Amino acid sequence: MEVTHRPFGVTKDGQSVTEFRLTNRQGAYVKLLDYGCTVRSLVLPDAVGKMTDIVLGYDTLREYEERDGYLGAVVGRFANRIGGGKLVIDGQEYLLAVNDGPNHLHGGFRGFDRRVWKADWNEKGITFSRFSPEGEEGYPGNLQVAVRYEWSDENELTIHYTAETDAATAVNLTNHSYFNLNGSGSVLEHLLQINADQITENDPDCLPTGRFIELADCPAMDFRTAKPVGRDIEIPDQNLRNGKGYDHNYVLRSPGIDREAARLYSPASGITLVCRTTQPGVQLYSANFLTERCGKNGVIYYPRGGVCLETQHFPDAIAKGFVPSPILRPGERLEETTIYAFSSEKP
Ligand code: BGC
């Protein structure tokens, strides 16, 4: 694998941002930014050999700084929601930034997605690291966090997260890439399968109620067998109404990097994505709140123009008592791995 880099811009507060390109032996490549550990492009051949960029992103740093949606970024310190922004650990209450209606979302107003990380790289991959001080967006504990990306000759993107703290805190790290296996247009015809028998039920603000829903009892949310993302999305189902589409945490049947968590396939391009992860859940988000905007190379993005498969700990896990707990304590080391493996079916 070859790593090259180029300046990508300067943030509004004067920090230089670099774009790294990891190119494998097949000529397929990933472009990463040290701003937000962002996956900016992921370019590989479709079934007829056409190089296709299958993630959403922007042309300029300014757009990454100003637009919402977390395109391609690593989100943290705690991905997804914490009810009322209230974090209670060992009886001590911490008030986090409230940036999503009444709740805390994706690390607050200036989460990990809006920070410039330190980059170290070699021919195997690139590691982004940063120090998140105690008090950042309200969190307890000084956190040293790293995200390592590797891109194999077999078109597998591996994301490895590590973190250590000096006081008990909540950590939940994910990547917020929007996949569109055709490169543009709708994803409603993509076939999706998720190896989960349950979801965590949401309230109308997409916060877990603490209850689980059996997918056998809820066909609209059920992806145990592959079906088009859009097949049931307009069904008058309360879960879909709450998320304005899919915006739900799927409880993985058996997490582990040697087992498949989810599979996405586009019949139009012949590209398949297989997701494997050590994390217990995956947030299926069908880009319901992605307002129309201009993306890379003049491509227009629309709601439902991407699928996020955000591997994660369950949302609001501490307050709801979900296991495994996302509390990280001094002396412990968080280690999570997610692999997105791509292939194209030759016609
Ligand atoms: C959340 C959505 C939110 C989106 C922001 C997703 O992970 O679950 O509710 O709107 O991120 O882009």
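Everything that follows concerns the structure shown earlier in this document.
Residues numbered from 1 in each chain as written. Predicted model: local features only at pLDDT ≥ 70, side-chain atom pairs only at ≥ 80, totals over all residues. Heavy atoms only, no water.

**Structural notes on the pattern of salt bridges**
Phase 1: Evaluation of the coordinates by the stated rule reveals 28 salt bridges.
Phase 2: Here Glu-19 ties to Arg-6 by a salt bridge, and the two come within 2.9 Å at their closest N and O atoms. Of the two residues, Glu-19 is situated in strand E2 (residues 16–23) and Arg-6 in strand E1 (residues 2–10); the sequence distance between them amounts to 13 residues.
Phase 3: Residue classification places Arg-6 among the partly exposed positions, given a relative accessible area of 38%.
Phase 4: In this structure, Arg-263 and Glu-260 form a salt bridge, with 2.8 Å as the shortest nitrogen-oxygen distance.
Phase 5: The exposure class of Arg-263 is partly exposed, given its relative accessible area of 34%. (Salt bridge = Lys/Arg side-chain N within 4 Å of Asp/Glu carboxyl O. Helix = DSSP H or I, 4+ residues; strand = E, 2+ residues; numbered from the N terminus. Buried < 20%, exposed > 50% of the residue type's maximum accessible area, 1.4 Å probe, protein only.)

**Quick look at the sheet that holds strand E19 (residues 208–214)**
Phase 1: In space, the five strands of this open sheet follow the order E19-E18-E21-E24-E27, with antiparallel pairing throughout. Edge strands, defined here as strands with exactly one partner in the open sheet, are E19 and strand E27 (308–312). Within this sheet the neighbouring strands show an average axis-to-axis angle of 30 degrees, counted without direction. (Pairing = 2+ DSSP bridges. Axes fitted to C-alpha atoms, helices over the stretch in contact; angles between N-to-C directions.)

**Let's talk about the packing of aromatic side chains**
Phase 1: Using the criterion set out here, one finds 14 aromatic pairs in the structure.
Phase 2: When the centroid spacing of 6.3 Å and the interplanar angle of 25 degrees are considered together, the rings of Tyr-285 and Phe-289 count as stacked.
Phase 3: The buried category is assigned to Tyr-285, whose relative accessible area is 8%.
Phase 4: Using a relative accessible area of 39% as the deciding quantity, one classes Phe-289 as partly exposed.
Phase 5: One aromatic cluster is present, formed by Phe-20, Trp-121, Phe-128 and Tyr-149 through successive ring pairs.
Phase 6: Across from the ring centre of Phe-223, 4.6 Å away, lies the NZ or CZ of Lys-227, which sits over that ring. (Phe/Tyr/Trp six-rings, centres within 6.5 Å; stacked < 30°, edge-to-face > 60°. Lys NZ or Arg CZ within 6 Å of the ring centre and 35° of its normal.)

**Describing the pairing of strand E18 (residues 196–202)**
Phase 1: With five of seven residues buried, E18 lies mostly within the body of the structure.
Phase 2: Bridge count for E18 against strand E21 (residues 247–252) is three bridges, and the pairing is antiparallel. Its bridge partner being in E21, Gln-198 is matched across the sheet by Val-251.
Phase 3: In this sheet, E19 lies alongside E18 in antiparallel orientation, the contact comprising four bridges. Within E19, the residue paired with Ile-199 across the bridge is Ile-213.
Phase 4: Remark: five residues form the turn of the hairpin made by E18 and E19, two consecutive strands paired antiparallel; Cys-206 in that turn has positive phi of roughly 65 degrees.

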